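As a plain string of letters, each chain reads:
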Amino acid sequence: MNGSKHTCQPQSLEISAIPSPPGTRTTPSLETIHEARLKAKVKRRLRKNSSRDSGRGDSLSDTGDVVRSVVPPTSPKGKLLNRRSRMGKGRGLPKKGGAGGKGVWGTPGQVYDEDKVDVKDPNYDAEQENCVYETVVLPLDEETFEKTVTPIVQEYFEHGDANEVAELLAELNLGSMRGDVPMLAVSLALEAKASHRELTSCLLSELCGCVLTAADVEASFHKLLKELPDLVLDTPGAPQMLGQFIARAVADNILPKSFIDGYKGRVDCEYARAALDRAAVLLRMSRWTGLRIDSLWGSGGGQRPVNQLIKEVNLLLKEYLLSGDTVEAERCLRELEVPHFHHEFVYEAVIMVLESKGNRTLQMILQLLKSLCASTVITVDQLRRGFERVYVDMADLSIDVPCAYSLLEKFVEQSFDTGVIDKKLRDLCPCR
């Protein structure tokens, strides 16, 4: 244009930021992404250390370096640990003299007076001043009564302390179920041992007067007579045992003597009639022959004298030699309730073999010991102790029975052959 000549010269190209039209996405350069990552990394590190160095005033410079400034610590934790007053006052002592902390009701040793009732208080109620608060125990129903009293009676069979039972029953609100206590105790005793029945008779005598009345005991025995048909299903000897309970209660003066006479000619149940007849016979025997009804059930095995136990063991063995009933002998031995004294039974049995000098007694005693060992009525330890006692006394026994050594050797050998004793016990057998 204008007739001048234009020459093409190289010029530097400048890239300017041209705004992109709306709706389009721009791609950042690699340097920009790298710088953003570095700054984000530094910021994360600062946030991570902020809890430890919260008061240092760290910041980022323009180049991305961390700049630390010395600033007094402002951590809230540091403030909590500092005992000084934040107002610049005080000597750093605990607030309120140690009586203002959490869960503190005052300084140590401080005694508070009773709060006086403010009559002008809108919640004041004049009727509440003379109120007496008591713990109310609900009366037991039939199901709860059985679940609560049954364990008490069963534990009594173990410790035999009637005073403890009386205290436990006094804490319960028996209500209308009070008269069922003797009935429950007797029902449990019918299925237990003779010693437990003796404990039950003693318990009824102790409870009458403090926990029970004579009317409660009488009502319980009336119910027991009515329920005898059901009790016989579990305990066939229930009528005879209940008759003994009635006789014992009359002898202990907790049941009136007119109790049995009141049923004359009015009993339709054969089981109730048998129980009343048994009680009447025992009471007549006590008047005419001096039978002691207070020892009707006998005493427990561990409470009887040793001489009495030895007599009962000898009587048991003599009855067995006459009848030959192994089952009955086993039942009688169990009823003695002296498992710790079974070594005496073995000792007396072997002595009886040596004194009889007959083969029949030897075979019967051997059969009895074999049966008792097989049913675990006599333990291995009790059997061994019985034989060892015989071995020790052989020197004295041979004076009365000259052939005692040969008889003992024969009995021990046959006992080993039948499996009653082991080889070690056989080898301990003494010889002349």
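In this text, all values refer to a predicted model and were calculated from it rather than measured experimentally.

A. Focus on the side chain of Gln 382. For Gln 382, the location among the structural elements is in helix H16 (residues 380-392). Of the polar contacts made by the side chain of Gln 382, one reaches the backbone nitrogen of His 342; its length is 3.5 Å. Side-chain polar atoms of Gln 382 contact the backbone nitrogen of His 343, separated by 2.9 Å. If sequence neighbours within four positions are ignored, Gln 382 has contacts with Pro 339, His 340, Phe 341, His 342, His 343 and Val 346.

B. Geometry of the pattern of salt bridges. For the structure on display, the rule yields 13 salt bridges. Between Glu 143 and Lys 147 there is a salt bridge, with the nearest N and O atoms lying 3.3 Å from each other. With Glu 143 and Lys 147 both in helix H3 (residues 142-159), this residue pair falls four residues apart, about one helical turn. Residues Glu 143 and Lys 147 agree in their burial class; the two are exposed. Of the charged contacts, one joins Glu 388 and Arg 384 as a salt bridge, the two residues approaching to 3.2 Å between their closest N and O atoms. Placement of both Glu 388 and Arg 384 in helix H16 is noted, with a separation of four residues, approximately one turn of the helix. Residue classification places Glu 388 among the partly exposed residues on the basis of a relative accessible area of 28%. Taken together, the shared-partner salt bridges in this structure form one network comprising Glu 413, Lys 423, Arg 426 and Asp 427.

C. Representation of a positive patch on the surface in the model. Together, Lys 39, Lys 41, Lys 43, Arg 44, Arg 45 and Arg 47 make up a positively charged patch on the protein surface. Counting through the fold element by element, Arg 47 comes out in helix H1 (residues 30-48). We classify Arg 47 as exposed; its relative accessible area is 55%.

Parameters at a glance
- Residues numbered from 1 in each chain as written.
- Predicted model: local features only at pLDDT ≥ 70, side-chain atom pairs only at ≥ 80, totals over all residues.
- Heavy atoms only, no water.
- Helix = DSSP H or I, 4+ residues; strand = E, 2+ residues; numbered from the N terminus.
- Polar contact = N/O pair within 3.5 Å; in protein donor to acceptor, adjacent residues only side chain to side chain.
- Contact = heavy atoms within 4.5 Å.
- Salt bridge = Lys/Arg side-chain N within 4 Å of Asp/Glu carboxyl O.
- Buried < 20%, exposed > 50% of the residue type's maximum accessible area, 1.4 Å probe, protein only.
- Patch = residues over 30% accessible without salt bridge, like charges linked within 9 Å, V, L, I, M, F, W, Y side chains within 5 Å.
- Areas by Shrake-Rupley, 256 points an atom, 1.4 Å probe, with all protein chains shown as cover.
- Lys, Arg positive; Asp, Glu negative; His and termini not counted.
- Charge placed at Lys NZ, Arg CZ, Asp CG, Glu CD.

Bear in mind that shape data such as this cannot, by itself, settle questions of function.
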